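Here are the chains, one letter per residue:
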Amino acid sequence: MDRAEVGALVQSAADGDAAAWKALVDGLGPLVWSVVRAHGLSDADAHEVYQTAWFRFAQHLGRLREREKAGAWLASTARHECLKVLRAQRRWMPTDDPHLLDRVSEEPTPEESVLDSEEAAAESERVRRLWQEFEELGERCRQLLRVLMASPPPSYQEVSAALGIAVGSIGPTRQRCLRRLRSRLERRGTG
Amino acid sequence: MSGTHDDGVHGDGSAQEGPADGRFGEGELEDGLLEEELRQAAAILDPVPAALRAIAVEAHALHDLQARVAELTFDSLVDALPVRGAEDAPRMLTFDADGVTVDVELTADGLIGQVMPPGPARIEMLSGPRRFARLTADDMGRFTGQAPPAGPFALRLRTGGEVVVTEWLRA
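Quick notes on the rules
Residues numbered from 1 in each chain as written. Chains lettered and ligands numbered in written order. Predicted model: local features only at pLDDT ≥ 70, side-chain atom pairs only at ≥ 80, totals over all residues. Heavy atoms only, no water. Helix = DSSP H or I, 4+ residues; strand = E, 2+ residues; numbered from the N terminus. Buried < 20%, exposed > 50% of the residue type's maximum accessible area, 1.4 Å probe, protein only. Contact = heavy atoms within 4.5 Å. Areas by Shrake-Rupley, 256 points an atom, 1.4 Å probe, with all protein chains shown as cover. 1 Å grid on protein atoms, 1.4 Å probe; cavity = no way out; pocket = protein on both sides within 12 Å on 5 of 7 lines; lining within 4 Å. Points joined across faces, edges and corners; volume = space filled by probe spheres on them. Nonpolar A, V, L, I, M, F, W, Y, C, P; charged D, E, K, R; others polar. Pairing = 2+ DSSP bridges. Axes fitted to C-alpha atoms, helices over the stretch in contact; angles between N-to-C directions. Parallel < 35°, antiparallel > 145°, perpendicular 65-115°, else oblique. Salt bridge = Lys/Arg side-chain N within 4 Å of Asp/Glu carboxyl O. Buried area = accessible area lost by both parts, 1.4 Å probe. Expected span 1.5 Å × (residues − 1).

Draft legend 1. A look at the overall build of chain B. Along chain B, the regular secondary structure elements total four helices and ten strands. For chain B, the succession of helices and strands along the chain, N to C, is α-α-α-β-α-β-β-β-β-β-β-β-β-β. The burial tally for chain B puts 43% of its 171 residues in the buried class. Within chain B, residue pairs in contact and separated by at least 24 positions form 46% of the contacts whose partners lie at least 6 positions apart. Within the structure as shown, chain B displays about 8,900 Å² of accessible surface, and the carbon and sulfur contribution to it stands at 54%.

Draft legend 2. Up close: the layout of surface pockets. If you add up the space inside the second largest pocket, you get close to 720 Å³. In this structure, the second largest pocket is lined by 24 residues; those nearest its centre are His60(A), Arg65(A), Trp73(A), Glu71(B) and Glu167(B). Breaking the lining of the second largest pocket down by element, the ones donating at least two residues are helix H3 (43-60) and helix H4 (70-92) of chain A together with strand E1 (68-75) and helix H4 (76-79) of chain B. Top element by residues in the lining of the second largest pocket is H4(A). It accounts for eight residues. Tallied by class, residues from the lining of the second largest pocket come to eight nonpolar, five polar and eleven charged.

Draft legend 3. Geometry of the environment of Arg67(A). All names here are of chain A. Within the element layout of this structure, Arg67 appears in the loop between H3 and H4. Owing to a relative accessible area of 27%, Arg67 belongs among the partly exposed residues under this scheme. For Arg67 and Arg3, which are 64 residues apart along the polypeptide, the C-alpha to C-alpha distance reads 8.6 Å. If sequence neighbours within four positions are ignored, Arg67 has contacts with Val6, Gly7, Val10, Gln11 and Gly62.

Draft legend 4. Summary view of empty space enclosed by the protein. All names here are of chain A. For the structure on display, the rule yields three cavities of 30 Å³ or more. Lining the largest cavity we find Arg3, Glu68, Lys69, Gly71, Ala72, Ser155, Gln157 and Glu158. Every element with two or more residues in the lining of the largest cavity is listed here: H4 and helix H8 (156-163). In the lining of the largest cavity, the residues fall into one nonpolar, three polar and four charged.

Draft legend 5. Structural detail: the pairing of strand E4 (residues 111-116) of chain B. All names here are of chain B. Residue alternation in E4 divides its side chains into a buried set, Leu111, Gly113 and Val115, and an unburied set, Ile112, Gln114 and Met116. Here six bridges tie strand E3 (residues 100-106) to E4, and the two strands are oriented antiparallel to one another. Looking at the pairing, Glu105 lines up with Ile112 of E4. Here E3 folds back onto E4, and the loop between the two strands holds four residues. Both E4 and strand E7 (residues 142-145) contribute to a ladder of four bridges, which runs antiparallel. Residue pairing in the sheet places Ile112 in a bridge with Thr144 of E7.

Draft legend 6. Main features of the packing of H8(A) against helix H9 (residues 167-187) of chain A. All names here are of chain A. For the pair H8 and H9, interaxial distance at closest approach is 9 Å and the crossing angle is 95°. One finds that H8 runs roughly perpendicular with respect to H9. Of H9, the residues touching H8 (which contributes Tyr156, Gln157, Val159 and Ser160) are Val167, Ile170, Gly171 and Arg174. When its residues are assigned to classes, the contact of H8 with H9 shows four nonpolar, three polar and one charged.

Draft legend 7. Expanded view of the pattern of salt bridges. Counted under the stated rule, the structure contains 27 salt bridges over all chains. Residues Arg156(B) and Asp64(B) are paired through a salt bridge, measuring 2.8 Å at the closest nitrogen-oxygen approach. Residue Arg156(B) is located in strand E8 (residues 152-159), and its partner Asp64(B) is located in the loop between helix H3 (50-58) and E1; the two are separated by 92 residues in the primary sequence. Judged by relative accessible area, Arg156(B) falls into the buried class, the value being 13%. A cluster of three or more residues bridged by salt bridges with shared partners is formed by Arg56(A), Glu81(A), Lys84(A), Asp75(B), Arg91(B) and Glu167(B).

Draft legend 8. Representation of the interface of chain B and chain A in the model. Every contact between the two is made by 64 residues of chain B and, on the other side, 72 residues of chain A. The contact between chain B and chain A buries some 6,400 Å² in all, and 60% of this surface belongs to carbon and sulfur atoms. Across the chain B-chain A interface, the total number found is eleven salt bridges. Across the pair Arg170(B) and Glu48(A) runs a salt bridge, and its minimum N-O distance is 3.1 Å.

Draft legend 9. Summary view of the packing of helix H6 (residues 121-135) of chain A against helix H7 (residues 139-148) of chain A. Residues and elements named next belong to chain A. The interhelical angle for the contact between H6 and H7, taken along N-to-C directions, is 135°, at an axis separation of 9 Å. In terms of orientation, H6 and H7 fall into the oblique class. Contact with H6, carried on its side by Trp131, Phe134 and Glu135, involves Arg142, Leu145 and Arg146 of H7 and no other residues of that element. Per-class residue counts for the contact of H6 with H7 are three nonpolar, no polar and three charged.

Draft legend 10. A look at H9(A). All names here are of chain A. Look at H9: 31 Å from first C-alpha to last across 21 residues, which is about the 30 Å you get at 1.5 Å a residue. Among all positions in H9, only Val167, Ile170, Gly171, Pro172, Thr173, Arg174, Gln175, Cys177, Leu178, Leu181, Arg182 and Leu185 are buried. Downstream of H9 by one or two residues, Gly189 has phi in the positive range, about 75°.

Function cannot be inferred from these measures alone, as they are strictly geometric.
Here it is as structure tokens:
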């Protein structure tokens, strides 16, 4: 989302405008979800962290110092809650591999069901292969790409807040990860 | 809503990382296309669940002009060293608003807390926009209650003529 637009929406939402708030949820919700997913939480934890980030955002709405950076604020809040979940898991669980819990929900989304129609089968297969190859990338690449693929595309400030990495490292890592993914797809003959 | 990275860093960062042989821009377009393909795949295979979007939309109601926010300043989950073998150790939380402190101890059985400066308070335990329970702090500022429900919770306190809400937190 455009920063000036975000700043104006935050101001309106703080003044009580529900439509402005809804626009923020639609514009920044996919970013928050991407951050949560990038950290490989279980579905239940992912849902709670997503809610926590939005509840806090509502709570701090009128007090944000830099309204136009609301996306980075949400991304950073989600990241910190994710890290708490991972920390608690390490403490209580015999394994420290959170990805053992990382299963994308089995239930098909409406869009997925549409893809299952015959005409779309080929496209569906391509999307699935792309996703499968993406999930087999190393953790760094998976994290970065999962955040970058939020819609609308996040700014690098937001990506930086989402993952706790320097803005300057995002471009080079993105390039390396996308090229790695492409070569995996080409090896499978689907590139 | 812009369809590109909007802080200008994107272009700069990429320029510095052009291939050493000077063929700058090689593959840039393809990178962008692949990223866009991933974006579409994510929208299909791992979108924001509709129920969560609805909860976030409703959360606008949590914006509370009247209340001061008590920020989380201590969380044993983060700020304390783990104690080996003490797996059911209570979670200790401290929230601070200017001049009002709320200490909370969470166990599987319930919650106990203390408002400082000590004094009576009427307390609501919030679970999203819903009220989950009412608690009362005694003259010493002490209160007890059942464990918060699953999901994020907050405490809303009326004490000495002001309203304080703790930062939202997962129990």
